[in-house]
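# Secondary and tertiary structure notes
Letter by letter, the chains look like this.
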Amino acid sequence: MKCPSCQRALRKGYFHAASQPIQWIPEGVKPCIWKGGVADGAVVVGQGSYWRTYRADAYYCNACKIVIAPIE
């Protein structure tokens, strides 16, 4: 995968979370306080479950310092 900004190759990696889904939360919205919960209006990025850790694949551009995480 290439960086949309500079067209260089992105490094593949992942985000990890132990107790809540990996999620993008809109500005002004508070995260859910319950284990395994999702905030109102959030976009879940990673897969997992209440009993397993959550993981979301992501790609990083060293030059631009951006991370791209496809939604699964």
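Bear in mind that the values here come from a model prediction, so they are computed numbers and not experimental data. (Residues numbered from 1 in each chain as written. Predicted model: local features only at pLDDT ≥ 70, side-chain atom pairs only at ≥ 80, totals over all residues. Heavy atoms only, no water.)

## A few points about the overall build of the protein chain
Counting its secondary structure elements, the protein chain contains zero helices and five strands. In the protein chain, the succession of helices and strands from N to C terminus is β-β-β-β-β. Referenced to the eigenvectors of the C-alpha coordinate spread, the extents of the protein chain come out at roughly 40 × 30 × 15 Å. Out of the 72 residues belonging to the protein chain, those deemed buried represent 22%. Pairs at least 24 apart in sequence give 45% of the contacts found in the protein chain among residues at least 6 apart. Carbon and sulfur atoms make up 54% of the accessible area of the protein chain, which amounts to about 5,300 Å² in all. In the protein chain, the 9 positive side-chain charges and the 4 negative ones have mean positions that sit 12 Å from each other. (Helix = DSSP H or I, 4+ residues; strand = E, 2+ residues; numbered from the N terminus. Buried < 20%, exposed > 50% of the residue type's maximum accessible area, 1.4 Å probe, protein only. Contact = heavy atoms within 4.5 Å. Areas by Shrake-Rupley, 256 points an atom, 1.4 Å probe, with all protein chains shown as cover. Lys, Arg positive; Asp, Glu negative; His and termini not counted. Charge placed at Lys NZ, Arg CZ, Asp CG, Glu CD.)

## Description of the packing of aromatic side chains
If you walk through the whole model with that rule in mind, you get zero aromatic pairs. When the ring centre of Tyr-14 is taken as origin, the NZ or CZ atom of Arg-55, which lies over that ring, is 3.7 Å away. (Phe/Tyr/Trp six-rings, centres within 6.5 Å; stacked < 30°, edge-to-face > 60°. Lys NZ or Arg CZ within 6 Å of the ring centre and 35° of its normal.)

## Examining the sheet that holds strand 5 (residues 66-68)
Taken in spatial order, the three strands line up as 1-4-5 in an open sheet, and their pairing is antiparallel. Two strands lie at the open edges of the sheet, namely strand 1 (11-17) and strand 5, each paired on one side alone. Between one strand axis and the next, the sheet turns by 40 degrees as a mean value, whatever way the strands run. Judged from the three bridges that link them, strand 4 (residues 54-61) and strand 5 form a sheet pairing that is antiparallel. Considered in strand 5, the bridge of Tyr-59 is made with Ile-68. (Pairing = 2+ DSSP bridges. Axes fitted to C-alpha atoms, helices over the stretch in contact; angles between N-to-C directions.)

These values are about where atoms sit, not about what they do.
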